[in-house]
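# Architecture and fold: a report
Here are the chains, one letter per residue:
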Amino acid sequence: MEKVLGLTVTDEGVDDCMVDTNSSIRSRLCAIVGEDSVRDSANERHAYSYDATPIVTGAPDWIVFPQTTRQVSEVLRLANEERIPVIPRGSGTNLAGGTVAVAAGIVLNMTRFNRIVEIDESNLTVTVGPGVITADLHRAVEARGLFYPPDPGSMRISTIGGNVAQGAGGMRGLKYGVTKDYVLGLEYVLPTGEILRCGGKNYKDVAGYDLTRLLVGSEGTLAVITELTLKLLPLPESKRTMVVYCKRMVDAARIVERTIAAKIIPATMEFLDQSTMRVVDQFAHLGLPTDVAAMLLIEQDGVEQQVDRDIDRIAQIARKVGATDVQVANTPEDGARLMAARRSALAALSRLRPTTILEDATVPRSELATMVSEIERIAEKYQVQICTFGHAGDGNLHPTCMTDERDAEELERVDAAFAEIFEVALRLGGTITGEHGVGMAKAKFLPKRVGEDGIQLMMRLKQAFDPNGILNPGKIFVRVPDWQHVAE
Ligand SMILES: Cc1cc2nc3c(=O)[nH]c(=O)nc-3n(C[C@H](O)[C@H](O)[C@H](O)COP(=O)(O)OP(=O)(O)OC[C@H]3O[C@@H](n4cnc5c(N)ncnc54)[C@H](O)[C@@H]3O)c2cc1C
């Protein structure tokens, strides 16, 4: 038996004496949110036992759909009193096991908080519920000539609350930054039920510790976010897309470096390695060349003349470095067709084998080519199939392994390969995760990134927010044997 952040866990789940699974909890939950908003059929518990992360599972006892901040507060008070784990959840598209109910308990489904409360054109802010779908927010602000740049690949299904709690990135990170750069203020509920606010509409605000930043990327382990105020920009007037093919990965990396050295920051600089290109082409029939080592997909946006100048200049740089082909889209439709290769990468790869494991080891941009060749070496060493694509502009790679979770021996080799990939990323000055978060999937690697002292400090913060360890247990930190006495 082990302790997971204060909760006693057996092989079957949480110790009976710790979590009261009897009907009285159910009735109390129904009294807070209404009968229709508490689900616990076998089918629904199964449906909520996993997220987009393969292999990791754990069924909740109840799935609860609150609609107001007051309801969230009351559910948390009840859970805290009864020491029931609570797992906040948006669309469950995270790739780190971040919403798996590892110690059973309540999945708090936040998708009913899906209201765009206010678009403030004077302050350039938007205030939303955490359940708003990312792409719906894009559409709503773009209709007013405004722009919310963070664009994770999952944006058509992911929620803003999930993006913020996960610290999501996206394809426009190089030029515009990532989700954390757009969060100005939050309303949140502590696991003990208090409703608090931090930040607001001020772009400048240094009053006290920056709790807004602390909660961004806290992966549902510190508080439940119930409202967010986000920063907006004016919508760029034009956008162009180009694709560059390279015989060697090192050429692709050099094009990225030289473009930035020429003081051009493209909105997007994505890459696919040769093995990913082959699979994507079989899937989407885009007519990609198969005799090159890599392709770069580049987008620039802004004032039309500047965009044209940047695209011409990048094409010159690419040719000079030795790109085998440079194609510039003439229409937005052509641009979308070129970007389709990147957007369909994960779908194409996941057709190959029953299990697809996608990671996001990240290195300084200057180490991109080294990292890709190290991934190839590691795949060869462990005899596993890894294709790599990702955000070349910010060194955020997605080495993706196609495997079969039913083959224990192969899974061991996959684990060993990823452990070595993380080691190499750290050695090159990188990190174990650029945008997908730690969750359960990378918890065991976190001490290598932040050190034991870092882990201890993070745990003390966790205790301050969540003294009984009820919020999203088993995430970020690996099992902690001596946590329980803290709660006593
Ligand atoms: C095809 C695909 C492409 C992807 N592309 C990208 C990408 O380009 N960039 C990227 O960064 N990620 C990407 N992801 C990962 C994932 O989609 C993002 O991390 C996204 O932000 C998760 O949003 P969600 O609503 O699904 O959150 P969930 O998966 O439901 O939750 C994510 C985390 O946030 C917590 N959480 C959710 N809501 C709240 C709340 N209201 N309060 C407190 N905590 C909360 C959860 O507990 C969990 O820890 C991709 C995933 C897929 C499947």
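The following paragraphs examine the structure supplied in this document. (Residues numbered from 1 in each chain as written. Predicted model: local features only at pLDDT ≥ 70, side-chain atom pairs only at ≥ 80, totals over all residues. Heavy atoms only, no water.)

## With respect to the site of the ligand
The immediate surroundings of the ligand are formed by 34 residues, with Pro88, Gly90, Thr93, Ser154 and Thr159 found nearest. Within the backbone of glycine 92, an N or O atom sits 2.8 Å from an oxygen atom of the ligand. Contact distances for the ligand include 3.3 Å between an oxygen atom and a side-chain N or O atom of asparagine 472. Protein chains shield 93% of the accessible area of the ligand, which is 990 Å² for the free molecule. Secondary structure elements with two or more residues in the shell around the ligand: strand E6 (86-89), helix H5 (160-166) and strand E13 (224-231). Per element, the largest residue contribution to the shell around the ligand is 5 residues, and it comes from H5. Of the residues belonging to the shell around the ligand, the class tally is 11 nonpolar, 20 polar and 3 charged. (Near = heavy atom within 4 Å. Polar contact = N/O pair within 3.5 Å; in protein donor to acceptor, adjacent residues only side chain to side chain. Areas by Shrake-Rupley, 256 points an atom, 1.4 Å probe, with all protein chains shown as cover. Helix = DSSP H or I, 4+ residues; strand = E, 2+ residues; numbered from the N terminus. Nonpolar A, V, L, I, M, F, W, Y, C, P; charged D, E, K, R; others polar.)

## What to know about the sheet that holds strand E5 (residues 62-64)
One open sheet accounts for 4 strands, arranged E4-E5-E7-E6; its pairing is mixed. Edge positions in the sheet fall to strand E4 (38-39) and E6, since each of these pairs with one other strand and no more. In the sheet, E5 pairs with strand E7 (residues 106-109) via 3 bridges, with the strands oriented parallel. Bridging across to E7, tryptophan 62 finds its partner in isoleucine 106. Across the sheet, helix H1 (residues 23-33) touches E4, E5 and E7, and the angle it forms with E5 is around 10°. Most of the contacts of helix H3 (residues 69-82) go to E7, to which it runs at about 170°, and overall it touches E5, E6 and E7. (Pairing = 2+ DSSP bridges. Contact = heavy atoms within 4.5 Å. Axes fitted to C-alpha atoms, helices over the stretch in contact; angles between N-to-C directions.)

## With respect to the side chain of asparagine 94
With respect to the helices and strands, asparagine 94 occurs in the loop between E6 and E7. Taking relative accessible area as the criterion, asparagine 94 reaches 11% and is therefore assigned buried. Here the side chain of asparagine 94 touches threonine 99 through a polar contact of 3.1 Å, side chain to side chain. If sequence neighbours within four positions are ignored, asparagine 94 has contacts with Asp51, Ala52, Thr53, Thr99 and Gln166. (Buried < 20%, exposed > 50% of the residue type's maximum accessible area, 1.4 Å probe, protein only.)

## Quick look at the packing of helix H8 (residues 249-261) against helix H13 (residues 368-382)
Between H8 and H13, the shortest axis-to-axis distance is 8 Å and the interhelical angle comes to 155°. Considering the angle they form, H8 stands roughly antiparallel to H13. In the packing of H8 onto H13, the handedness of the crossing is right-handed. Across the interface between the two elements, Met249, Val250 and Ala253 of H8 pack against Leu368, Ala369 and Val372 of H13. (Parallel < 35°, antiparallel > 145°, perpendicular 65-115°, else oblique. Left-handed = near helix turned anticlockwise from the far one by under 90°.)

## A closer look at the pattern of salt bridges
Side chains that carry opposite charge are capable of pairing whenever their charged atoms lie near each other. Using the criterion set out here, one finds 28 salt bridges in the structure. The salt bridge partner of arginine 28 is glutamate 81, with a shortest N-O separation of 3.1 Å. Taken as a pair, arginine 28 in helix H1 and glutamate 81 in helix H3 lie far apart in primary sequence, 53 residues in all. The exposure class assigned to glutamate 81 is exposed, which follows from its relative accessible area of 53%. What you see here is one network of salt bridges that share partners, running through Glu374, Arg377, Lys381, Glu420 and Arg427. (Salt bridge = Lys/Arg side-chain N within 4 Å of Asp/Glu carboxyl O.)

As far as function goes, none of this settles anything; it's purely spatial.
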